[in-house]
Every structure is written in C-alpha cells, then in structure tokens.
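# A closer look at the structure
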Amino acid sequence: MEHSQPPSTQQQDKLQDSFGRTVEYVRLSVTDKCNMRCFYCMPEGFKGFEEPENWLTFDEIERVIAAFAQLGVSRVRLTGGEPLVRKNLPELAGRLAALDGLEDLSLSTNAALLNRYATDIKQAGVSRINVSLDSLKADRFKEITGNGKLEEVLAGLAAAKEAGLSPVKINTVAMKGVNDDEFIDLVNYCAEMGFTLRFIETMPVGSTGRNASGNYLDLQKVIRTLSDTFDLIPGMVPGGGPARYYRVRDNDLHIGFITPISQHFCETCNRVRISVDGALYLCLGDEHKVELRPLLRQGISDAGLAEVLESSMSLKPEHHVFKESPDRVIRFMSMTGG
Ligand code: SAM
Ligand code: SF4
C-alpha cells in the first residue's frame, strides 16, 4: 500500500493581507518607557505609561513570536520606547533568536545604554542594530532628546562596533532649523565609523509628531543638496527595508532616505507592530489593532492564535494617510516603536 507523505512540519503558511502583500516582519515594542524625550516622539514630562501587569511577559512574547514564525515571519526587530530599559532584555533576545523560523533579530535603540549591553545582546543573537542620532553637537543633542548625553551614545556606538554588531545603521530625523546644518558632518562621522546613515522624514504620529511637522524637511531636497558635496550613486543595501539607498563613490558609505511623506512605500509594506501591552497594530499610520493580551490570558489555543493572526491581516490598510489626515494617529511613536 502506498503511503501519502506526512505534512511537512517545515511548511509555513504565509500571512497575506487584502492587497496581496505578505507580512514577514514584526516590530516588537518591549516597553513604552524611555530614558530620553525626543521632542518629536514623546511629550516632556509624560507619565502615562502602561501598567506593568499589562506588559506582555517574556513567555507571552515568545508564544506570539513563535506563532508568527510558524506563519512565515522571519524577521523581528526589538524596539520601544527604549528597549534596553526593559529588564533582562538580553534574555528575551536569546529566547526569540532560538525560535524556529526566525532568521533575523535586530534592535532599534537610542544607544544610551548600549555601552553596557552591546556584548550581551550580540551574544544573545541580535545581529544588527539601528541607532537614533540626530546631532553630533552635545548641547543640541540634549535639546532634541530632552536630557540625552551625546557622549554616552557615542560610547554605546563604539561598543556596538567593538562587539561586532553589523551593520550599524544610524537613523537621523531630518529637521528644518534643527539639524539641517549637520548632514555633511553626520555623513563624515558614519563614513569614519563604517556605519550606514539613514535620514527619516518627520511623521505626524501623536501630538508630538504633529507639532514637529513645522520642522518637516522633504528628503528629496536633501538628496539634491548632499549631491552637491558627495558623488551619490543609486544603490541597494540588503535588508534595507523602505529606505532608498545611495552609495558615496569611492567610499563604502551607504546613505538611505526614508520618505514616508514625500514618497510613501506602502505598496511594499511587509510589517506589523506589537505594543508592550500586546496590541497588534497593522499600520504605523492607523489605529487599527487587535488586542492579543486578553486572548493569551484567557488561554487561547495555538490554532486559535494562528487564526487570529491570519484574520487580523484583513485590517491592514492599503496605505497610510499621513498627508490627507495628519490627525489620525493619536498614540506616540514610542508606543509602537517607529
Ligand atoms: N528608542 C529607540 C530609538 O530612538 O531608536 C527605538 C524607538 S524610536 C520610537 C524608533 C524610531 O522612531 C527612531 O529612529 C526615532 O527617531 C523615530 N521617530 C520617533 N518619532 C518620530 C516621528 N514623529 N517622525 C519620524 N520618526 C520618528
Ligand atoms: Fe525615546 Fe526613541 Fe522616542 Fe527618542 S525616539 S523619545 S529615544 S523612544
């Protein structure tokens, strides 16, 4: 008698949304707290943080990410808030890095605590990091970040390099009248350190993001200005996400431009976000969400959880409406991690 093949345990379903996009990337906010207060992200003196009993525990996070991995998600980025303020983050990173199907674990950080944790997170399985850095002038850096100390961040970046985290991508929010006189210095710093530099347009996420739209800078203009100084060749960077990259001729430096406002990239969006309290957000530019925490705490089965994740894809909108409806997103960027 002929035996039919058993179903392969390796076989993975794909998470498809209503517009034919496949979701294979999760941004996981492990905390909504932060040791900085970047003015475009979190309000000064903000205290309305999620209660600890509402934070997903490491067991719950592991379960949700394992369920996503079974459905084809291969990349996870730990973010926040500032992820390094979550206690025992390297332990969580190690648990996630060990999950079947997860190929790429990365971290977004402001790097203030990176000097302390770079080696631990690298050993835990985080391969690459993105670091926010909007200014190389200590006074200005402090003003932008509320209380940030530039020297701690630069020490954190040096430690990341030393620990072998690679690539290190620097994220700079490009802001008119705030840091637009420093772009050439930032290019030179990144070239010297062997980092990749990415400029980001300010987004109207939360009242803070909307208030910062007065500083909005169209990156198409920044590309033209930088071209006056550097010979920029259109290029690609593996895992580059939504950034459009240029390479500086005769130099290994890559510069990326993330242009959610002047040229959105929603048609290739492959990601969803999870907040610290376990809400699954389908779009950075919308408030659609599915609350996973109550389901986990009511004992949902693995099959039930997979079904919820699959069906939630239908809530993913075709594109954000930052331009048409800049008031739509109430939550701060620190809640879903950018
Ligand atoms: N604390 C970490 C950090 O700063 O990298 C991770 C979380 S932070 C919310 C992630 C990214 O969002 C940072 O690169 C930050 O610059 C960016 N961001 C925050 N608010 C923004 C806004 N209104 N517009 C554009 N980018 C923003
Ligand atoms: Fe904190 Fe990052 Fe937001 Fe700055 S951008 S306040 S570092 S979460």
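See the structure above.
Throughout what follows, the structure given in this document is the object of discussion. Residue indices follow the written sequence of each chain, beginning from 1 at its first position. Each chain is given a letter, starting from A, and each ligand a number, starting from 1, according to the order in which they appear as written. For this predicted model, a pLDDT threshold of at least 70 governs which residues receive local features, and a threshold of 80 or more governs which side-chain atom pairs are given and counted, while totals over whole chains, interfaces and linings are taken from all residues. To get the side-chain values, all heavy atoms of the structure are used, and hydrogens and water are removed first.

Any residue with a heavy atom lying within 4 Å of a molecule or strand is counted as near it. Among the 18 residues in the neighbourhood of ligand 1, the closest are listed as Tyr40, Gly81, Ser132, Met203 and Met333. Measuring from a nitrogen atom of ligand 1, one finds a backbone N or O atom of tyrosine 40 at 3.0 Å. Two N or O atoms form a polar contact when they lie within 3.5 Å of each other; inside protein one atom must be a possible hydrogen donor and the other a possible acceptor, and for residues adjacent in sequence the pair counts only when both atoms belong to side chains. Contacts to ligand 1 include serine 132, whose side-chain N or O atom sits 2.8 Å from an oxygen atom. Note on areas: these come from Shrake-Rupley sampling with a 1.4 Å probe, and a residue is covered only by the protein chains present in the view. For ligand 1, whose unbound accessible area comes to 550 Å², protein coverage reaches 94%.

Each helix corresponds to a stretch of at least 4 residues labelled H or I by DSSP, and each strand to a stretch of at least 2 residues labelled E; elements are numbered beginning at the N terminus. By the secondary structure assignment, arginine 293 is in helix α9 (residues 293–297). Relative accessible area decides the class of each residue, using a 1.4 Å probe on protein chains only: under 20% of the type maximum gives buried, over 50% gives exposed, and in between gives partly exposed. His is not counted, nor are the chain ends, whereas Lys and Arg count as positive and Asp and Glu as negative. By definition, a salt bridge exists where a carboxyl oxygen of Asp or Glu is found within 4 Å of a side-chain nitrogen of Lys or Arg. Despite its burial, arginine 293 remains without a salt bridge, the nearest opposite charge being carried by aspartate 277 at 4.2 Å. In what follows, a contact means two residues having at least one pair of non-hydrogen atoms within 4.5 Å. If we skip the residues at most four places from it in the chain, arginine 293 touches Asn54, Leu56, Asp277 and Gly278.

On to the sheet that holds strand β13 (residues 279–281). Pairing is mixed across the open sheet formed by 12 strands, whose spatial order is β9-β10-β11-β8-β7-β6-β5-β4-β3-β12-β13-β14. This sheet does not close on itself; its edge strands, each paired only once, are β9 (232–235) and β14 (289–291). Each strand of the sheet is rotated relative to its neighbour by a mean of 25°, with strand direction disregarded. For two strands to be treated as a pair, DSSP must find no fewer than two bridges joining them. Alignment of strand β8 (residues 196–200) against strand β11 (residues 254–258), held across 4 bridges, turns out to be parallel. Within the sheet, the bridge partner assigned to phenylalanine 199 lies in β11 and is phenylalanine 257. Between the N-to-C directions of two axes lies an angle of 0 to 180 degrees, each axis being a line fitted to C-alpha atoms and, for a helix, fitted only over the stretch in contact. Where helix α2 (residues 89–97) meets the sheet, it contacts β3 (25–29), β4 (75–79) and β5 (104–109), and its direction lies at approximately 155° from that of β5.

Residue position: glutamate 24 is located in the loop between β2 (22–23) and β3. Among the polar contacts listed, one links the side chain of glutamate 24 to the side chain of asparagine 270, at a separation of 2.6 Å. Not counting residues up to four positions away in its chain, the partners in contact with glutamate 24 are Gly72, Val73, Ser74, Arg75 and Asn270.

Turning our attention to the pattern of salt bridges. Two side chains bearing opposite charge may form a pair once their charged atoms approach each other closely. Within the structure shown, the criterion is met by 14 salt bridges. The salt bridge involving arginine 297 is made with glutamate 60; its shortest N-O contact spans 2.8 Å. Of the two residues, arginine 297 sits in helix α9 while glutamate 60 sits in helix α1 (residues 58–70), which places them 237 residues apart along the sequence. Of the residues examined, glutamate 60 reaches a relative accessible area of 14% and is grouped as buried. Note that arginine 63 is salt-bridged to aspartate 302, the shortest N-O span being 2.9 Å. Residue arginine 63 is located in helix α1, and its partner aspartate 302 is located in helix α10 (residues 302–312); the two are separated by 239 residues in the primary sequence. Salt bridges here are not isolated pairs; linked through shared partners, they connect Glu24, Arg75, Asp104 and Arg128.

Distances and angles like these do not, on their own, reveal function.
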